[in-house]
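Results of the structural survey
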Amino acid sequence: MNPPVHIAIVMDGNGRWARSRGLARTEGHRAAETSIHQAVEWCGENGVGHLTLFAFSTENWSRPRAEVSLIMSLLRSFIRRNLEELERKDVRIRAMGRLEGLPAGPRSDLLSAIRRTEGNGGLQLILALNYGGRAELADAARRIAAEVASGALDPSAVDEEAISRRLYLPDVPDPDLVIRTSGEQRISNFLLWQSAYSEFHFPEVLWPDFRKEHLDEALRVYSARQRRFGGLA
Ligand code: FPP
């Protein structure tokens, strides 16, 4: 089995991690940064080309206002604290989601990090922000409808490839492996189109405790799987 080219992670369990320590839920989000570092380093060391992290979903706006603000400010401080090091490691920062819906400050920091690292050829660190798989498909459908209405696209040309090309990051390969921490076994509107043939791994570890050894284990599990993509072995 070839090593995964693209790993996508639902960083779940921050709230439970904090609660189990008698801390506020938000402390779990703060503690998440170490795990992000570990995942980025591990991907660099193991030749993984793309790492997508589900950082904020289109549904997460329904959380208490203070928690939403904290996550947005963590995004800013993550970029500010880590940009130089990520540059040194040749990491390219990218983002997927309805970025126009993010608050102005985080959005502007994010866009400038994306621009600054655009030429980097190492790991692509993709942050899914204000992201929902259904929203992404609806956005692609709206673009297709507009192109058909303007006469630029013939309805008979709307095939799977046409949809793929109108997703947020059409050049990024589909994830080979999707990991969701904390034992929850749900996709929660993450990469619905792209994960059609992904392998899934659901370790019990809560995201703030996630370390390189958990990725070693995920790789072992992945390598033992047989991917058939609907065909025969
Ligand atoms: C899920 O845990 C986690 C989130 C909804 C937010 C993830 C955000 C970060 C890790 C920080 C911001 C991002 C960056 C890139 C710095 P949960 O709160 O649902 O945990 P629970 O299920 O235990 O309550």
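Attention in this report is confined to the structure presented alongside it. It should be emphasised that the depicted structure is a prediction, and the values quoted were computed from it without experimental measurement.

1. Brief notes about the sheet that holds strand β4 (residues 124-131)
Spatial strand order, β3-β4-β2-β1-β5-β6: six strands in an open sheet with parallel pairing. Sheet topology places β3 (92-96) and β6 (199-201) at the edges, where each strand pairs with a single neighbour. The sheet shows a mean angle of 20 degrees between the axes of neighbouring strands, taken without regard to direction. Pairing of strand β1 (residues 6-10) with strand β5 (residues 177-180) involves four bridges; the strand directions are parallel. Within β5, the residue paired with V10 across the bridge is R180. Helix-sheet contacts for helix α2 (residues 25-45) involve β1, β2 (50-57) and β4, and the interaxial angle to β2 is about 160 degrees.

2. Considering the packing of aromatic side chains
Enumeration according to the criterion identifies eight aromatic pairs in this entry. Taken together, a centroid distance of 4.5 Å and an interplanar angle of 10 degrees make the contact between F54 and F190 stacked. Of this pair, F54 sits in strand β2 while F190 sits in the loop between β5 and β6, placing them 136 residues apart in sequence. Accessibility assignment for this pair places F54 and F190 in one class, buried. Taking 4.7 Å as the distance between ring centres and 70 degrees as the angle between the ring planes, the aromatic pair formed by F56 and W61 counts as edge-to-face. Classification of F56 as buried rests on a relative accessible area of 0%. One aromatic cluster is present, built from ring pairs that chain together F54, Y131, Y168 and F190.

Rules and cut-offs
- Residues numbered from 1 in each chain as written.
- Predicted model: local features only at pLDDT ≥ 70, side-chain atom pairs only at ≥ 80, totals over all residues.
- Heavy atoms only, no water.
- Pairing = 2+ DSSP bridges.
- Helix = DSSP H or I, 4+ residues; strand = E, 2+ residues; numbered from the N terminus.
- Axes fitted to C-alpha atoms, helices over the stretch in contact; angles between N-to-C directions.
- Contact = heavy atoms within 4.5 Å.
- Phe/Tyr/Trp six-rings, centres within 6.5 Å; stacked < 30°, edge-to-face > 60°.
- Buried < 20%, exposed > 50% of the residue type's maximum accessible area, 1.4 Å probe, protein only.

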